[in-house]
Every structure is written in C-alpha cells, then in structure tokens.
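The lines below spell out each chain.
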Amino acid sequence: MSLRRFIAVRVAATVPILFGVSVLTFALVHLTPGDPIDQMVALNPQISAAEEAAIRARYGLDGPVWQQYLTWITNVLQGDLGTVISVDQPVLPYILARLPETVALGLFGWAIALLIAIPAGIYAAVNKDTLGDDLSRVFALSGISLPNFWLGLMLILVFALWLDLWPVLAPDKPLLSPEMLWYLVLPGVTIGTASSATLMRVMRSSMAEEMNKQYVTAARAKGLPERTVVLKHVLRNSLISVTTIAAFLTASIFAGAVVVEQVFAWPGLGRAFVGAIVGREVDLIMAITLFTGVTIILANLLADIMYAVLDPRIRYD
Amino acid sequence: MSTDRGRIRITGFDADRVERREPLSDWTETRDTETEGRWERAWREFRRNRSAMLGLYIVAAMSLLALLARPITVAGVTVQPFSLAPYDPSAILYAQGLDVSAYEAPSLAHPFGTDGSARDVFSRVLYGGRFSLSIGFIVVLVTAAIGLVYGAIAGYYGGWVDEMMMRLLDLIFAFPGLLLALIIVAVLGKGYWELVLAFTAIGWAGYARLIRGEILKVKENEYVMAAKALGARDRRVIFRHVVPNAVAPLVVQASLSIGTVVIGVAALGFLGLGLPPSSAEWGTMLDQTRETIVQGPGGSIPWWVTVFPGGAIFLFVMSMNLIGDGINDALDAQEGEDVARGGEV
C-alpha cells in the first residue's frame, strides 16, 4: 500500500468512529435524569404543565430520543450546538471564548513535558544503569504517581504562598500579557508533569534500543565523536516513537485540564465542563464531550500519519 | 554483541547474559528434573526486588491501617473491634465539648492537625483509605475480568466479530477516561457504588485491547492446534489453553492501574463529584481545602489539611506502581532466563 493510499484509508476509517462518538455522547447525556427545565420548574412552581411543554419544545427536549438525536446532529453539523440555558447564550461562542485558555494551558503543559522529557530521556539512555538513570527512574515514578490536583495545590502552597514568587489567583489580564504567561508556569508544570514522566520513559527505552543497533556501531567505527552519534543518528530515529506518543498524550492533557483548571481557577473549557455537569447544561456537556472526542480522534489520526511519514519502514496493514 | 579482551575482539559472547545466569548457579544434577511453576518463579524473582517489596509493605500497612481505623460491624456483630483512629472521622470535635478549634496545627493530640470543621485529620486520613483502596481493588478486579473475557473472545474468533468488538473499544478510547467517568457520575448521582460503576465502565477497554493482542500471538502455538485436534470445545481451548498463557501482561497492567483508579476516584472527589462532601475520602477532603488555600485565611496557612490527605494518595499510588514495576520485572526476567537456557519456551 502506498503512503497516500494508507492516509486515505485511515481518514475514511475515522468517519464511522466520529459517528459513533456523536451517538455515544448523545446517549450518555440523555440517560441523565432531569434537565435544566426540571430545575427551572422546581425553582418556579407556578409554571403550568402547558408552559413547561412549550419550553421543552423550544429547546427541542420533547419527542422520542432518536428524533432528538437527529435534530441535534443536524444542528451540530450546521454549526448550531444549542444554548447555554443558564446564561441564555449560544454554545458555540461560549466554547470558543474559553478554548484559547485551555489551548494555551495545554500547549504550556506539553512544552514543559517535552523540555523535561527529551533531555532527561537522552541522559538516562546514554548513562544507562548509573545514578543519573536511577534518579530519572525515581522522577518518572513519582511523576506518574502524583495526583495532578494535589501537585497543583502544593505548588500554590510552596511557590505562591510561602515563596511568594507567583500570584495566588490568575491576574485579570488578557491571555497574551506577560503577567498571564508568567502565571501559566504553575498550571503548566502541574499538567505537564505526568506526561513528561511517561514521555521520558518512552524516550529512554527507544534510545536504549536504538543504541544497540548496527548503524551505531558503524557510526562509531568510522570515528564519529560520541556526541554526534547520539545527537544526530540515534536521537533522530528514537524521536519517531516519541512524536507519536506525544500526539496520543492529547487525551491525558485534556483530562488534566478538567482538574487543573479547577485548581487554578483557570477560565477554560475544563472548568466550563465541570460547571456544565453540576448545572446539568445538556447542550454544553454534549458540545464539550463531542469536541474532545473529535479532537482526540484527529490527534490519533495525525499520530498514525506522522508515524508512517517519519518511518518509511512501517508496514501499512 | 561483543566484548573487548586485550587486543582481541570477542564476538558472539555477551557478558551481561552470563551475569543474568547467576541466580541459576546453584544448579545440580537433581535440579534438572525439578520443575517450578511460572508464578512461583515470578514470586521468587519479585521477593528479591527491594523496591517492589517496599511497595508491598507500604500497601499492606496502609490497607491494614484503613481496615483497623474504626471498628467494623456487620449486621450488629462486631467483626473488627480495633480502633486505631483516635477520633471519629466525621465528628466535629468542639461540638462534643472537646477543647478543639478549626484549623489547629499538628500537635501531639492531633498529629495531622484539624480541618475547617474541627475534625481530626489524622483519623480522617486513616479512615479515608477505606474508600480509595477498596474502590481501587474492586474496580481493577472487575475490569480485568470483563476485559479478559471480551478480549479473549475478540482475539480468538477474529474476523468480523473481532472487527465489531474492536470498533467499540475505539469509541471508548476516543474520550479521556476522566471525562466519561464525570458524565457517568452525573448520570447516576454521587455515591460509592456509582463511582465503582463509572470507573468500571471506562476501565475494562484497556485490558480488552491488551488481552486481544496477546491472544493473537498465543493462538498460533502448536499446543492450541493440538487441543483443537483432540476435539476440545472453543470455551475450553480459550480459557484453559490460550488465556493462561496470555495473562501475564494482564497482571502487570492490573497492578499498575490500581493507582490510576485511586487517583481518578480522588480527582472526582476533588471536583466535588465523588462522595458526599463530608465523607473522609482523600480527594473529597482536598476539595474542601482548596478554597482556604487559594483565598488564604488571615495570617497562617493551614497547610496540613492539604499536605496529608494528598500525601496519602501519593504514597499509596507510588507503592502500587513500585509493585507493578516489580511484577513486570519478575515476569520479564523469567522470559529472559528461558532464553538464556536455550530458548525452548
């Protein structure tokens, strides 16, 4: 199979998964007992049954479930994701307003993860079975075992409250101001630590595997300095698996955002999601879930394609 | 593989591998006929691993402390009379006429201090282990069992059955687990068994995929064909011949994912969507401390209400991961030994 054909097949295969994701999202949310209308009615007992039915009809909450699904998916495909009932605002602008905050947080976390993981992984692989390697192992193990919400709280405690290096609350500034970017370091470290631990172990083992290959012996035999061998030959080949894993980490970074945004009171999608669950904002829950699912599927697709492009030896089957 | 000896370069000789044979050096003629089960051998290997044993001791100690924290009565009969926790974990102490206020710093009477409702944090941390630990173990047992059956069926039959079953897994993997767990808890409501169900619903997929991959490898073996040729039914072939040989990575995965479940449960508790707000569950305890930390009560910072419950989660998960790594090494090392003996596995 040619590369182009592989990509085409892979892209086509995502279509049914996307459909399944939309069905699952809808099904999950519609199993929820009670909707915002129930809450409204509970708060305003004077609403009559006829008025309640009218409100339901207005938000498309009447009719059988499959019909509601069809209505919903048709609207979604036309860019209408429904309404955030409590603030009476369409979902799409509501999400788009919070998206940059989460993307900034995710990118920061990702960058920190890569900045720690790649050098540490190289170091551990080159100095295998030394003290440095053991230390990196301890770091990786702690990184995976640290609950991110607790790490966030501890960072606030130590760096914001005791050492006073960071403000405790996010400054009320536009996202791209220096104060905001400085503030992002703490949540970025919080969200990136677990990923960096995973990435570092992958980096180390793929480096160690490459170091044993014959082309390394060949490169050494022709007298290249060890530095060139490691950084030019081995690193390139071992980065292939790291790139793919990094794309797969999108899911864990988003899950991290849900918690970390809560810790740092960061006004992003994750916090909106928790708010939506507490307030039973059906449209918003579905929109964010669907959005996440689609993002992750596309990230995985990208990872597969990247893998195929970067490593010509891969068999497409 | 090569080793330098003076000016001569010896190839085909791997010094590392010979060192790996060290544990076998007490070999004697009679041992030749002895056999040792793979699990016995793995356990022997595991016991030699100091960090894994440390993890095992910590997990055992924490489980024991949680169990003995308060007496347990089943249907009016006290089955566990010990009470290591000095105070009732849910008791508001000044309401009992004790001279205790909210946010008291750690002292001899209250080693971990008191929380915002003047409850003894030490007692709560001890008792809280019950929630996290039991949910962790239950979820992992149930998910591993479901995943095992699902993956075994998909992998063994292959074809369109496999295709359909795997597409369902793809769906689950398209969402971050925590997100699905949140929605499920929102659907079912808060509570202990609701949490178990939520984490079961998202957890089994990983095992299913893992086992399927292993089954695909194992079922090509000749002994499987032999069993089929002797007329064994599918169910017998799958669960007697194929599964036992594919189960090692499942055990590793299970031991590593107890920690993941415990962190997940605590995360939901922290978001206020786990157990009821007053329960002594570790994550739920942290939820109540966030406000006080971020908004900072005047003067002192009650660091102990954050440090200790979170530290308990960290310690437990870390120990669980040490155990998981140990199991992984033990099962791996065994394969290594087989190869060193000549490779007839």
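Since the model is a prediction, treat every value here as computed from it, not as a measurement.

About the thresholds
Residues numbered from 1 in each chain as written. Chains lettered and ligands numbered in written order. Predicted model: local features only at pLDDT ≥ 70, side-chain atom pairs only at ≥ 80, totals over all residues. Helix = DSSP H or I, 4+ residues; strand = E, 2+ residues; numbered from the N terminus. Buried ≥ 20, exposed ≤ 12 C-beta atoms within 10 Å, placed from the backbone. Contact = placed C-beta atoms within 7 Å. Expected span 1.5 Å × (residues − 1). Nonpolar A, V, L, I, M, F, W, Y, C, P; charged D, E, K, R; others polar. Axes fitted to C-alpha atoms, helices over the stretch in contact; angles between N-to-C directions. Parallel < 35°, antiparallel > 145°, perpendicular 65-115°, else oblique. Core = buried A, V, L, I, M, F, W, Y, C linked by C-beta atoms within 7 Å. pLDDT = per-residue confidence, 0-100.

(A) Looking closely at the overall build of chain A. Secondary structure assignment for chain A yields 14 helices and two strands. In terms of overall dimensions, chain A has a C-alpha envelope of 85 × 60 × 30 Å along the principal axes. A total of 317 residues make up chain A; the buried ones form 38% of that total. Taking contacts inside chain A between residues at least 6 apart in sequence as the whole, the part at least 24 apart equals 75%.

(B) How the structure looks around the overall build of chain B. Helices and strands together make up the secondary structure of chain B, namely 12 helices and four strands. Within chain B, the proportion of its 345 residues that are buried is 41%. In chain B, once contacts between residues fewer than 6 apart in sequence are set aside, the share between residues at least 24 apart is 68%.

(C) Molecular detail of helix 4 (residues 65-77) of chain A. Between its first and last C-alpha atoms helix 4 of chain A spans 18 Å; for 13 residues at 1.5 Å apiece the expected length is 18 Å, and the two agree. Following helix 4 of chain A by one or two positions, A:Gly79 adopts a phi angle in the positive range, close to 90°.

(D) Highlighting the interface of chain A and chain B. Taken together, the contact pairs 39 residues of chain A with 33 residues of chain B. Of all the secondary structure elements, the ones that give two or more residues to the side of chain A that touches chain B are helix 1 (3-30), helix 6 (131-145), helix 7 (148-162), helix 12 (250-263), helix 13 (269-278) and helix 14 (282-310) of chain A. Residue classes in the side of chain A that touches chain B are distributed as 30 nonpolar, nine polar and no charged.

(E) Here's a closer look at the packing of helix 11 (residues 226-248) of chain A against helix 14 of chain A. Residues and elements named next belong to chain A. Between helix 11 and helix 14, whose axes approach to 8 Å, the crossing angle comes to 170°. It follows from the interaxial angle that helix 11 and helix 14 lie roughly antiparallel. Contact residues: Ile240, Thr243, Thr244, Ala247 and Phe248 in helix 11; Ala299, Asn300, Leu302, Ala303, Met306, Tyr307 and Leu310 in helix 14. Class assignment for the residues of the contact of helix 11 with helix 14 results in nine nonpolar, three polar and no charged.

(F) Structural detail: helix 13 of chain A. Among the 10 residues of helix 13 of chain A, seven are classified as buried, and the element is accordingly described as predominantly covered. For helix 13 of chain A, the full list of buried residues reads A:Leu269, A:Gly270, A:Arg271, A:Ala272, A:Phe273, A:Ala276 and A:Ile277. In this structure, the buried residues of helix 13 of chain A make contact with helix 5 (91-126), helix 12 and helix 14 of chain A together with helix 6 (177-188) of chain B.

(G) Expanded view of unusual backbone geometry. All names here are of chain A. Positive phi is not limited to glycine here, since alanine 265 has a value of about 50°. Here alanine 265 lies in the loop between helix 12 and helix 13. Classification of alanine 265 by C-beta neighbours within 10 Å gives partly exposed; the count is 13.

(H) Just the nonpolar core, in detail. By size, the foremost hydrophobic cluster in this structure holds 162 residues, and its most contacted members are B:Ala181, B:Leu182 and B:Ile313. Tallying contributions element by element places helix 4 (residues 121-157) of chain B first for this core, with 16 residues. Leaving out residues up to four positions away in the same chain, B:Leu182 has contacts with A:Ile277, B:Leu268 and B:Leu273.

(I) Expanded view of the environment of B:Val121. All names here are of chain B. Along the chain, valine 121 turns up in helix 4. Sequence separation between valine 121 and leucine 64 is 57 residues, and the spatial gap between their C-alpha atoms is 18 Å. Every residue in contact with valine 121, bar those within four places of it in the chain, is listed here: Phe112, Gly113, Thr114, Asp115, Trp304, Val305 and Phe308.

(J) Local environment of the environment of B:Gly274. Residues and elements named next belong to chain B. For glycine 274, the location among the structural elements is in the loop between helix 10 (248-270) and helix 11 (282-295). Among the residues examined, glycine 274 registers 30 C-beta atoms within 10 Å and is labelled buried. Setting aside its immediate chain neighbours within four residues, glycine 274 contacts Lys190, Leu195, Val265, Leu268, Gly269, Glu281, Gly283 and Thr284.

(K) Spotlight on the confidence of the model for chain B. Residue and element names in this part refer to chain B. For chain B, per-residue confidence averages 77 on the pLDDT scale, and 77% of positions sit at 70 or higher. Considering only residues more than four positions removed or in separate chains, one finds that residues 334-345, a stretch of pLDDT under 50, has 10 contacts. Among the prediction metrics, the complex's ipTM stands at 0.80, with pTM recorded as 0.80.

(L) Representation of the environment of A:Ser86 within the structure. Residue and element names in this part refer to chain A. Along the chain, serine 86 falls in the loop between strand 1 (83-84) and strand 2 (89-90). Owing to 15 C-beta atoms within 10 Å, serine 86 belongs among the partly exposed residues under this scheme. For the pair serine 86 and glutamate 281, spaced 195 residues apart in sequence, the C-alpha to C-alpha distance is 7.9 Å. For serine 86, the contacting residues outside a window of four places in its chain are Gly279 and Glu281.

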